[in-house]
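Here's the letter readout for the chains.
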Amino acid sequence: MGKSDFLTPKAIANRIKSKGLQKLRWYCQMCQKQCRDENGFKCHCMSESHQRQLLLASENPQQFMDYFSEEFRNDFLELLRRRFGTKRVHNNIVYNEYISHREHIHMNATQWETLTDFTKWLGREGLCKVDETPKGWYIQYIDRDPETIRRQLELEKKKKQDLDDEEKTAKFIEEQVRRGLKGKEQEAPIFTELSRENEEEKVTFNLNKGACSSAGATSSKSSALKTIGSAASVQGKEEKESALDEIMEIEEEKKRTARTDYWLQPEIIVKIITKKLGDKYHKKKGIVKEVIDKYTAVVKMIDSGDKLKLDQTHLETVIPAPGKRILVLNGGYRGNEGTLESINEKTFSATIVIETVKLKEFNIEDISKLA
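Residues numbered from 1 in each chain as written. Predicted model: local features only at pLDDT ≥ 70, side-chain atom pairs only at ≥ 80, totals over all residues. Heavy atoms only, no water.

Some words on the pattern of salt bridges
(1) Moving on: One pass over the full model with this rule turns up 9 salt bridges.
(2) Moving on: One salt bridge connects Glu 175 with Arg 178, and the closest N-O pair in it is separated by 2.4 Å. Here the residue Glu 175 and the residue Arg 178 both occupy positions in helix α7 (residues 146-181), the gap between them amounting to 3 residues, near one helical turn.
(3) Moving on: Here Glu 175 falls in the partly exposed class, since its relative accessible area comes to 27%.
(4) Moving on: The structure contains a network of salt bridges with shared partners spanning Glu 78, Arg 81 and Arg 82. (Salt bridge = Lys/Arg side-chain N within 4 Å of Asp/Glu carboxyl O. Helix = DSSP H or I, 4+ residues; strand = E, 2+ residues; numbered from the N terminus. Buried < 20%, exposed > 50% of the residue type's maximum accessible area, 1.4 Å probe, protein only.)

Focus on the sheet that holds strand β7 (residues 285-292)
(1) Moving on: With respect to topology, 5 strands assemble into an open sheet ordered β9-β8-β7-β6-β10, the strand pairing being antiparallel. The open sheet is flanked by β9 (307-311) and β10 (315-317), the only strands paired with a single partner. The average angle at which neighbouring strand axes cross in this sheet is 45°, direction not considered.
(2) Moving on: Pairing between strand β6 (residues 269-272) and β7: 3 bridges, direction antiparallel. The partner of Ile 269 across the bridge, within β7, is Ile 287. (Pairing = 2+ DSSP bridges. Axes fitted to C-alpha atoms, helices over the stretch in contact; angles between N-to-C directions.)

Focus on the environment of Asp 366
(1) Moving on: Following the sequence through the fold, Asp 366 ends up in the loop between β14 (357-363) and β15 (367-369).
(2) Moving on: By relative accessible area, which is 6% here, Asp 366 ends up buried.
(3) Moving on: As for Asp 366 and Asn 330, which are separated by 36 residues in sequence, their C-alpha atoms are 5.2 Å apart.

Right, here's the structure in full:
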């Protein structure tokens, strides 16, 4: 069999090894690349891509450490919240499950040297309840998610509003019934014994007018109650619809003003602004082919075809000429394609059209040219 045969035992063994966890000493956190042996790690350290990443890291090393620390903390807490909830669990159990994922952030790239230091830090920050036992450190997640708290408040508010609506409707019906019966005296029914003078005579019944009037009054009351109830239900429905419209308007306004600190999107054209890579790439344009962890992009240069892995702080958007296609990168319309209509250089804004909807005074930093 040939050396490059896909089904050779060696090729199969290599694929199995590459799927599992490898030695930490041969892992490059900056490039997020795992090497299988010492020779491969040495070749990677001598590669041009690794040298470029070191140049970028030397520009602001604290920024990279803070980024890796934040990612490690968020992923660890997310696993603790989703897997164990608010249960008390040993910190090593959570950590072993966390590192079983091959693409995890290694602790040696963060500000914490050991798992114990990280556990103590979680306790000091109030993110978890921690306690030390002879068997080790135990942690318990504290659920302070703003979304969970907001959802609970909304449910309580809705429940209270429904109770208030029911009470108002009941009082309204009671008041209408009281007004309808005001000034009217109910006639008391007269009851007589059933008797006949002749046993052979047929028994006949004569319904009294009072009973008829009583039945008529009862039916009129029921119809009045139905009318009042239907009117109250229509009124309550209109109030609920108006409240729902207000909530939808508020949510739409929040969506329009919602912004994030990341803006990278695939298939947009960007410009490199960092000088650490030399004049070969400075002020050159490229196409974003892949977005990694929201803040890092794999950029393919338009003129040379080289692929670079860059942080979003080293890139800027490219504004096309009016009439060209653009992509919204931030705000409530994030991810929508549109057409650039005009640019206002004084206010640093633009007018764009998204599906026949014209948006004026749109921040020019939130759009970029499509590839």
